[in-house]
Amino acid sequence: MKSTEIHRVPYGSKNIAFALEYSPRKTLAIEVHPDSSIIVKAPADATLESIESKVIHRAAWIAKQQRQFDRYALALPAPECVSGEGYRYLGRPYRLKLIESSSDKIRLWQGRLEVNTPTPFDREHVERSIANWFRDRATIVFSERYRYCAKLVTSHDIEGHGFELRSMSKRWGSCTPAGRIFLNPLLISASKDCIDYVIIHELCHLRFLNHSTSFYNLLESLLPDWRERQNRLNERVELRTK
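Residues numbered from 1 in each chain as written. Predicted model: local features only at pLDDT ≥ 70, side-chain atom pairs only at ≥ 80, totals over all residues. Heavy atoms only, no water.

Draft legend 1. Layout of the packing of helix H4 (residues 192–204) against helix H5 (residues 213–222). For the pair H4 and H5, interaxial distance at closest approach is 10 Å and the crossing angle is 140°. In terms of axis orientation, H4 runs oblique to H5. Viewed along their axes, H4 and H5 form a crossing whose handedness is right-handed. Where H4 abuts H5, its residues Tyr197, Ile200, His201 and Cys204 lie against Phe215, Leu218, Leu219 and Leu222. Split into classes, the residues belonging to the contact of H4 with H5 amount to 7 nonpolar, 1 polar and no charged. (Axes fitted to C-alpha atoms, helices over the stretch in contact; angles between N-to-C directions. Helix = DSSP H or I, 4+ residues; strand = E, 2+ residues; numbered from the N terminus. Parallel < 35°, antiparallel > 145°, perpendicular 65-115°, else oblique. Left-handed = near helix turned anticlockwise from the far one by under 90°. Contact = heavy atoms within 4.5 Å. Nonpolar A, V, L, I, M, F, W, Y, C, P; charged D, E, K, R; others polar.)

Encoded structure:
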């Protein structure tokens, strides 16, 4: 029967907070999870002093893992919802065009994201309509790409159980310790090969819920060009362009 406690150790000007689990095991293990949380699994007879000492000893490694997860984050500007504003859909740029109309309708047409609405000057309504349109498209496209990626990872005995959309301010995707995969609807701004990268990245976390060497070896075996896809996703892809 394991128990969990929260502890902190100093590291530079900050503290490292970690969940400590005692269980019947012989060695101590430190896990850094995608949300940057830390779990330390220790033998039942290990002293707190020895555990904290080992966490401090691995502090630089822990910080490195958290930075790697942070690199997998995103930052998007707030929308202004005015004609001429730039958006991306599946990696291609589109310019917003607001059209006064008797009914609401959104479509991509000749390089434009056309928003037909009775209230083109109602920013909140326009923003909500665009967000809903992107979310609906994300559901359709991600489902298609997830089926492809889930089939790809079966060769490594990884069985996915679907995904959920979740709006996140700092991440394209995430995987919980329980194995639940979430995808940010804003990822629909990226090209399909970058979407595949995020999905496969999260599916690999079903095997290794960390950024260990084993995780990257698995990712590389599935996507030899994952670094190039990651760079394009994080450095060039934005939902909105100015």
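Okay, back to it.
Draft legend 2. Expanded view of the side chain of Arg232. Tracing the backbone shows Arg232 in helix H6 (residues 226–235). A distance of 2.3 Å separates the side chain of Arg232 from the side chain of Asp193, its partner in a polar contact. (Polar contact = N/O pair within 3.5 Å; in protein donor to acceptor, adjacent residues only side chain to side chain.)

Draft legend 3. Representation of the sheet that holds strand S11 (residues 181–183) in the model. Within the open sheet, the 3 strands sit side by side as S9-S11-S10. Their pairing is mixed. At either end of the open sheet lies a strand with only one pairing partner, and these are strand S9 (164–165) and strand S10 (173–175). Of the pairings in the sheet, the one linking S9 to S11 comprises 2 bridges and is parallel in character. Bridge pairing in S11 links Leu165 to Leu183. (Pairing = 2+ DSSP bridges.)

Draft legend 4. Spotlight on the layout of surface pockets. Reported here for the second largest pocket is a volume of approximately 190 Å³. Lining the second largest pocket are Tyr11, Lys14, Asn15, Ile16, Ala17, Ile38, Ala59, Ile62, Ala63 and Gln66. Residue assignment for the lining of the second largest pocket shows that the elements contributing at least two residues are strand S2 (14–23) and helix H2 (59–71). (1 Å grid on protein atoms, 1.4 Å probe; cavity = no way out; pocket = protein on both sides within 12 Å on 5 of 7 lines; lining within 4 Å. Points joined across faces, edges and corners; volume = space filled by probe spheres on them.)

Draft legend 5. Spatial organisation of the pairing of strand S4 (residues 38–43). Burial analysis of S4 places 5 of its 6 residues in the buried class, the great majority of the element. The pairing of S2 with S4 spans 5 bridges and is classified as parallel. Residue pairing in the sheet places Ala19 in a bridge with Ile39 of S4. Relative to S4, strand S3 (residues 29–32) runs antiparallel, the two being bridged by 4 bridges. Across the sheet, the residue bridging to Glu31 is Ile39, located in S4. (Buried < 20%, exposed > 50% of the residue type's maximum accessible area, 1.4 Å probe, protein only.)

Draft legend 6. How the structure looks around the nonpolar core. In terms of nonpolar packing, the biggest core is built from 45 residues, with Leu113, Ile130, Phe134, Phe142, Leu187, Leu219 and Leu233 touching the most fellow members. At the level of elements, strand S5 (86–89), strand S6 (92–100), strand S8 (112–117), helix H3 (123–153), S11, H4, H5 and H6 are the ones that each hand at least two residues to this core. Counting residues per element, this core draws most heavily on H3, which supplies 11 residues. Ranked by size, the runner-up nonpolar core spans 14 residues in total, among them Val9, Phe18, Val55 and Ile62. (Core = buried A, V, L, I, M, F, W, Y, C linked by side-chain atoms within 4.5 Å.)

Draft legend 7. Representation of the packing of aromatic side chains in the model. Summed over the entire model, instances satisfying the criterion amount to 9 aromatic pairs. Geometrically, the ring pair formed by Tyr89 and Phe134 is edge-to-face, given 6.5 Å between the ring centres and 65° between the ring planes. Residue Tyr89 is located in strand S5, and its partner Phe134 is located in helix H3; the two are separated by 45 residues in the primary sequence. Judged by its relative accessible area of 4%, Phe134 falls in the buried class. Here the aromatic rings of Tyr197 and Trp226 are separated by 6.5 Å at their centres, their planes lie at 10°, and the arrangement is stacked. (Phe/Tyr/Trp six-rings, centres within 6.5 Å; stacked < 30°, edge-to-face > 60°.)

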